[in-house]
Amino acid sequence: MLLKGRIIGLLCFVCLLGLFISFMTPKAYACSRGPTTFEEDFLEASAIFTAKVTSVDAVYPSHKIAVVEPDKVFKGQSPSFVVTNDDSDQCGAGIEVGETYLFYSQRWDLPYVSVFDTHLLSTERAEKLTHWLSDRTEKQQPKPPRTETILAHRQGEIRVFFEHHDRGYSKKSFITNNSIYVPASFFSDTLWYSADWNEDKNEIVIDTTNRLEFEETNPDDLLSPHSGAPTEISAAYNDIKIKVKSETLEEHPEAFVSGDEIFVPLRAIAEKLGYEVEWVDSSSSVILHLPLEQQSGPKTLAMKYINNTGLEVEVKPETVPFAEMLKDELGYRKYGIQFYLKMDKQDIRLLMSYELLRKIESDASFREKVGAKLGKPMSEIPRNRLLTLKDFE
């Protein structure tokens, strides 16, 4: 009896200890990643901004879309919506309507935020981050003329894409001071802009030209470059001004002269030209996307089937019936579907509401309506890129 009492007492102590530890232990997530620095998070993000959440909707598959009213932008261009997982164990962020957050969004096409990238603005973490971001992005004061030795990282390794157009490796471009620098001639050699030097005003002027087509890329430029250590180069700074389409940039990393080239920051100029800049660190690629609202021409609705292994397989609606999507294999749905807009310069993924998915699954006549719209131009882009039943009625 005494032994039984001791066992019960020991079990009670263990339970209380476990309860105490659960209160004292910081919250952990199944998706936990290793520690990162503020600077690493800044470089990895596509856009950093504060915004108020105005609505939250569930979308397929297992995601939430939050419509936001952006306020202050620290990097990139603030989107009108963000996407997150529906489960914090899968890195989903607990976003509530009416609250204001500091967002670090990933990906340019469907700006995604996770529990690591979303900070309620009034919290200590958000306050610390906003102060750091303000210091990191504050307007640079003009510095006296000087010559410095700087490190050029990934020189000749940066590959440039303009939407679907592979423009090859920018042989003279490199990364220094956390910014991609390109020679001013990059805009006339690689894109369809002019880049003129005004010596009297100490100013580089970038503007559009009458050229409408790309010149063919040299096949040698598409060969995999040699990956080497950073090199030291001499950079002469002399308060060079940058004018883009008649507007002088007020805030940008300093331009400089190295050898016989003027080097300018790519992101600051590209965003002023109206592009969204995507950096793919793993392949040292920079992709310039033209925002949807600036694209002209037909926007054609198309569809992909996605199997459960995550491999996206594009199929033609007229050759593969919706019945394929409804098939089960070993008790699991064999395919899901994904809608997107085919455009002249890019393909844009669309989100879809659960109500739309259920209607497609359950109503054969509705599937015919959806099929009739595939492959035909859409009159407008769905609001917040979210397809609903109304888009097919």
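Remember, it's a predicted structure, so these values are computed and weren't measured experimentally.

1. Description of helix H8 (residues 364–373)
And step 1. Taken together, the buried positions of H8 are occupied by Phe 366, Arg 367 and Val 370. Each buried residue of H8 lies within a common arc of 105 degrees when the element is viewed along its axis, so the set occupies one face.
And step 2. Contact partners of the buried residues in H8: helix H6 (323–326), strand E24 (335–342) and helix H7 (354–362).

2. A short note on the pattern of salt bridges
And step 1. What the rule picks out here adds up to 13 salt bridges.
And step 2. Notably, a salt bridge pairs Arg 154 with Asp 281, separated by 3.0 Å at the nearest N-O pair. Here Asp 281 lies in the loop between strand E18 (276–280) and strand E19 (285–289) and Arg 154 lies in the loop between strand E6 (146–152) and strand E7 (159–162), a separation of 127 residues in the sequence.
And step 3. Accessibility expressed as a relative area gives 25% for Arg 154, which makes it partly exposed.
And step 4. Look at Asp 281 and you get partly exposed, because its relative accessible area is 45%.
And step 5. One connected set of salt bridges, linked through shared partners, spans Arg 146, Glu 148 and Glu 254.

3. Focus: empty space enclosed by the protein
And step 1. Evaluated as defined, the whole model comprises one cavity of 30 Å³ or more.
And step 2. As a volume, the largest cavity reaches approximately 40 Å³.
And step 3. Lining the largest cavity are Arg 33, Asp 41, Tyr 104, Phe 116, Asp 117, His 119, Arg 125 and Leu 129.
And step 4. Of the residues that constitute the lining of the largest cavity, the class distribution is three nonpolar, one polar and four charged.

4. So, the side chain of Ser 194
And step 1. Within the fold, Ser 194 resides in strand E11 (residues 193–198).
And step 2. Not counting residues within four places of it along the chain, the set of residues in contact with Ser 194 comprises Val 205, Ile 206, Asp 207, Thr 208 and Thr 209.

5. Looking at helix H3 (residues 124–137)
And step 1. When the terminal C-alpha atoms of H3 are compared, their 20 Å separation across 14 residues agrees well with the 20 Å that a helix rising 1.5 Å per residue should span.
And step 2. Those residues of H3 that fall on the buried side of the exposure criterion are Ala 126, Leu 129, Thr 130 and Leu 133. Projected down its long axis, H3 carries its buried residues within an arc of 100 degrees, all on one side. Of the exposed residues in H3, those oriented more than 90 degrees away from the buried face are Glu 124, His 131 and Asp 135.
And step 3. Buried positions along H3 lie against helix H2 (38–44), strand E1 (47–60), strand E2 (63–75), strand E4 (100–105) and strand E5 (118–120).

Rules of the game
- Residues numbered from 1 in each chain as written.
- Predicted model: local features only at pLDDT ≥ 70, side-chain atom pairs only at ≥ 80, totals over all residues.
- Heavy atoms only, no water.
- Buried < 20%, exposed > 50% of the residue type's maximum accessible area, 1.4 Å probe, protein only.
- Helix = DSSP H or I, 4+ residues; strand = E, 2+ residues; numbered from the N terminus.
- Arc of directions from axis to C-beta.
- Contact = heavy atoms within 4.5 Å.
- Salt bridge = Lys/Arg side-chain N within 4 Å of Asp/Glu carboxyl O.
- 1 Å grid on protein atoms, 1.4 Å probe; cavity = no way out; pocket = protein on both sides within 12 Å on 5 of 7 lines; lining within 4 Å.
- Points joined across faces, edges and corners; volume = space filled by probe spheres on them.
- Nonpolar A, V, L, I, M, F, W, Y, C, P; charged D, E, K, R; others polar.
- Expected span 1.5 Å × (residues − 1).

The values reported here are purely geometric and, on their own, carry no functional implication.
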